[in-house]
Amino acid sequence: MIGLISATAAGAAARDRLAAAWPDRTRVYDGPVADAVRRAFGECERLVCFLATGAVVRLVAPLLDDKTTDPGVVCVDEAGRFAVSLVGGHGGGANALAREVAGVLGAEPVVTTATDAVGLPGLDTLGLPVEGDVAGVTRALLDGAPVALEAEVRWPLPPLPVADSGAYTIRLTDRLVEPVPAGREVLLRPPTLVVGVGASKGAPAEEVLGLVGTALRDAGLSVRSVAELATVDAKADEPGIVTAAERLGVPLVTYGAEELARVSVPNPSDAPLSAVGTPSVAEAAALARGGELLVPKRKSERPDGRPAMATCAVVRRPGRGRLAVVGLGPGARDLLTPRAEAELRRASVLVGLDQYVDQIRDLLRPGTRVLESGLGAEEERARTAVAEARKGHAVALIGSGDAGVYAMASPALAEASDDIDVIGVPGVTAALAAGAILGAPLGHDHVSISLSDLHTPWEVIERRVRAAAEADIVVTFYNPRSRGRDWQLPEALAILAEHREPATPVGVVRNASRADESSRLTTLAALDPATVDMMTVVTVGNTATRAIAGRMVTPRGYRWQEEPK
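Each residue is numbered by its place in its chain's sequence as written, counting from 1. Whole-chain, interface and lining totals are the exception, using all residues; otherwise, since this is a predicted model, local features are given only for residues with pLDDT of at least 70 and side-chain atom pairs are given and counted only at 80 or more. Computation of side-chain values: all heavy atoms of the structure, hydrogens and water removed.

What exactly am I supposed to notice about the sheet that holds strand β27 (residues 546-548) here?
What links the strands of a sheet is backbone hydrogen bonding, and the strands pair in either a parallel or an antiparallel sense. An order of β21-β28-β27 is seen for the three strands of this open sheet, with the pairing classed as mixed. Each end of this open sheet is capped by a strand with a single partner; those strands are β21 (439-440) and β27. Following DSSP output, two strands are said to pair if at least two bridges run between them. Here a helix means four or more residues in a row that DSSP labels H or I, a strand means two or more in a row labelled E, and each is numbered from the N terminus. Both β21 and strand β28 (residues 551-553) contribute to a ladder of two bridges, which runs parallel. Note on β28: the bridge partner recorded for Gly439 is Met552.

Okay, structure coming up:
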């Protein structure tokens, strides 16, 4: 919950705007300001104070205890011009909150955290448990001192300016080790461990947790690297297992008995076979998605000598590379989505067409490895991106518009298998950008067709154009005309003309959303294909499309539009 505090009418107005935008995330604290801040500080994860920064500093200073547990505090001036991340920038989430608040209020986010200022990812913002000398190692990174990365397990990380050796160390490990006593070392705990659990009906959570903790300690493994507890479907609601997962702060994943029975394990047993239908629960559940068995099945030990009620096994899954297929939008920076920007900053490797890389190069973190190539190398870029992800890197493969529309997602996913994680990041397509410029040409059913026959035979393209023409669907043509392909667009327009009037509106948009954007509204009969090139999107209306006040509109057919006026 986010606590909102204000002291004046102007501050309350900005406060109420934020409360209206986030009704389920915020709580307004009224009354004397000092009391309101004190109550919100104790009850909320984050605070937004619509007060002067000096006042907020004095109010929260006596309340501060530990940066790892204190709520993040954002200060907004009463005019709503600036959202200042004041306390808990990383751990308390104040930096991210300041940007969110600024987006809602139209303010300027003010973030002074050193790593954010220079574009370095904070070691405590990587989404991994972190231990050790975070401040000292971070300072070394900022100062350019040599910091070594010792990756005992593979995990995709954002770009970090690390060296082969140095006086400071970032250690990526799931082993039960402590940071060196002298400091200068940070331990990052990747979620590589899966604990398979079996339990008799009524097994106490303490017995399950005690067994898991002992198994991990004996194997020299850190509980902070446990990614999930796994068991059979029949035990999905077993209170002891459910509570154990909750206390560990990890999800409980279950599998059907038939699926677990197909998993090869070293220690099958007749007892679970008769009870739940599989010869193994703990080992099979831990190994269900593959990995290395580090702790074979072991049973809990009860001090009263009665039979054990819980079993567990531990598996290390190999770190999976991460491939984000990112749509950059039509070109304008304000049409690049926040999610796309976040993925670009997360990637340690960027793969893309050189001209697209130039569009977003300034958004990349220092140290991002850029693999760029020219036109016509789509398949090579797809293979390169997948290969880099398979090496365990965090990769971003970029395309213009939406990467899944005539862009890089298709060849990349055709190349990828299930050994990497793939994340799709949607973008604003050229058809949508052009449609917004023209008016509302896509207001009813519509289709996009590429006229490039480099990868698709013209016979197939022609059949699709004819089907759209006969179905009276609005058509947006991508790749309409180039120097070497100058006859396809006239041919496609002729097919449409067999089914549509010469006066059918046609919208032509070149370089949508970019500095040299141009657009015009013409008709099917008047369009000169020679004025169209590869940077152009051509949208042909259907029989209901109209030109209204200089805009292209395809009505939905609402009843009220047909009523006499």
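Read on, since the account is not over.
Please explain the environment of Glu380 as it appears in this structure.
Checked against the element boundaries, Glu380 lands in helix α14 (residues 378-390). Distance from Glu380 to Ala412, taken between C-alpha atoms, is 9.6 Å for residues 32 residues apart in sequence.

Before we go on, may I ask you to explain the environment of Lys201 in this structure?
Looking at the secondary structure, you find Lys201 in the loop between β11 (193-199) and α7 (205-219). Only protein chains enter the accessibility calculation, which uses a 1.4 Å probe; a residue whose area is less than 20% of its type maximum is buried, one above 50% is exposed, and one in between is partly exposed. Residue Lys201 is classed as exposed on the basis of its relative accessible area, which comes to 73%. Separated by 238 residues in the primary sequence, Lys201 and Gly439 have C-alpha atoms spaced 64 Å apart. Not counting the four nearest positions on each side in its chain, Lys201 is found in contact with Lys235, Glu238 and Met309. Any two residues having at least one pair of non-hydrogen atoms within 4.5 Å are treated as being in contact.

For this particular structure, what's the right way to read the sheet that holds strand β14 (residues 292-299)?
With mixed pairing, the five strands of this open sheet are ordered in space as β13-β12-β11-β15-β14. Two strands close off the open sheet at either side, each with one partner strand: β13 (252-255) and β14. For this sheet, the mean inter-axis angle between neighbouring strands, taken without regard to orientation, is 25 degrees. Strand direction decides the pairing type here: β11 and strand β12 (residues 226-232), joined by four bridges, are parallel. When the sheet's bridge partners are listed, Val195 is paired in β12 with Leu229. Interaxial angles span 0 to 180 degrees and are taken between N-to-C directions of axes, which are lines fitted to C-alpha atoms, for helices over the stretch in contact. On top of the sheet, α7 reaches β11, β12, β14 and β15 (310-316); it is set at about 40 degrees to β15, its chief contact. Relative to the sheet, helix α8 (residues 239-248) contacts β11, β12 and β13, its axis offset from that of β12 by approximately 175 degrees.

Please explain the pattern of salt bridges as it appears in this structure.
Pairing is possible between side chains of opposite charge, provided their charged atoms come close. For salt bridges, the criterion is a side-chain nitrogen of Lys or Arg within 4 Å of an Asp or Glu carboxyl oxygen. In the structure shown here, the tally under the stated rule is 28 salt bridges. In this structure, the salt-bridge partner of Arg81 is Asp77, at a minimum N-O distance of 3.2 Å. Put simply, Arg390 and Asp419 hold a salt bridge, and the shortest N to O gap is 3.2 Å. Residue Arg390 is located in helix α14, and its partner Asp419 is located in the loop between α15 (409-415) and β20 (421-425); the two are separated by 29 residues in the primary sequence.

What exactly am I supposed to notice about the state of the cysteines here?
Think of a disulfide as a covalent bridge from one cysteine sulfur atom to another cysteine sulfur atom. Disulfides are defined as cysteine sulfur pairs within 2.5 Å. Counted according to the given criterion, the structure contains zero disulfides. Cys75 provides the cysteine sulfur closest to Cys49, a residue in no disulfide bond, and the two sulfurs are 6.7 Å apart.

I keep staring at α7 and nothing clicks. Help me out?
Working note: α-helix, 3.6 residues per turn, so residues spaced by three or four point in the same direction. What a helix should span is 1.5 Å times the count of its residues minus one. The first and last C-alpha atoms of α7 sit 21 Å apart over 15 residues, in line with the 21 Å expected at 1.5 Å per residue. Summarising the contacts, the buried residues of α7 are in contact with β11, β12, α8, β14 and β15.

How should the nonpolar core be read in this particular structure?
In a soluble, globular protein the nonpolar side chains are often hidden away together inside. Counting residues in each nonpolar core, the largest one holds 23 residues, and the members touching the most others are Val195, Val197, Leu216, Val226, Leu229 and Val314. For this core, the secondary structure elements donating two or more residues are β11, α7, β12, α8 and β15. Broken down by element, the residue count for this core peaks at six residues, all from α7. Membership of the second largest hydrophobic core comes to 21 residues, among which are Ile449, Phe477, Ala492 and Val540. The term nonpolar core refers to a set of buried residues drawn from Ala, Val, Leu, Ile, Met, Phe, Trp, Tyr and Cys, joined through side-chain atoms within 4.5 Å.

I tried to follow the side chain of Arg481 on my own but got confused; where do I start?
You can see Arg481 is positioned in the loop between β23 (474-478) and α18 (488-497). Here the positive residues are Lys and Arg and the negative ones are Asp and Glu; neither His nor the chain ends is included. This buried residue, Arg481, is left without a salt bridge; Asp486 holds the nearest opposite charge, at 5.0 Å. Other than its neighbours up to four places away in sequence, Arg481 contacts Asp486, Pro529, Ala530, Val532, Asp533 and Met534.

Sorry, what's going on with the pairing of β13 here?
Residues Val253 and Tyr255 line the buried face of β13, whereas the alternating positions Leu252 and Thr254 sit on a face that is not buried. Pairing analysis gives four bridges linking β12 to β13, with the strands arranged parallel. Among the inter-strand pairings, Thr231 is bridged to a residue of β13, identified as Thr254. For crossovers, right-handed means that the path from the first strand over the helix to the second runs clockwise, given strands pointing away from the viewer. The handedness of the β12 to β13 crossover, carried by α8, is right-handed.

Would you explain unusual backbone geometry in this entry?
Comment: phi is negative for the bulk of residues other than glycine, and the bulk of peptide bonds are trans. Phi at Ser513 takes a positive value of approximately 75 degrees, unusual for a residue other than glycine. In this structure, Ala549 takes a positive phi of about 55 degrees despite not being glycine. Within the fold, Ala549 resides in the loop between β27 and β28.

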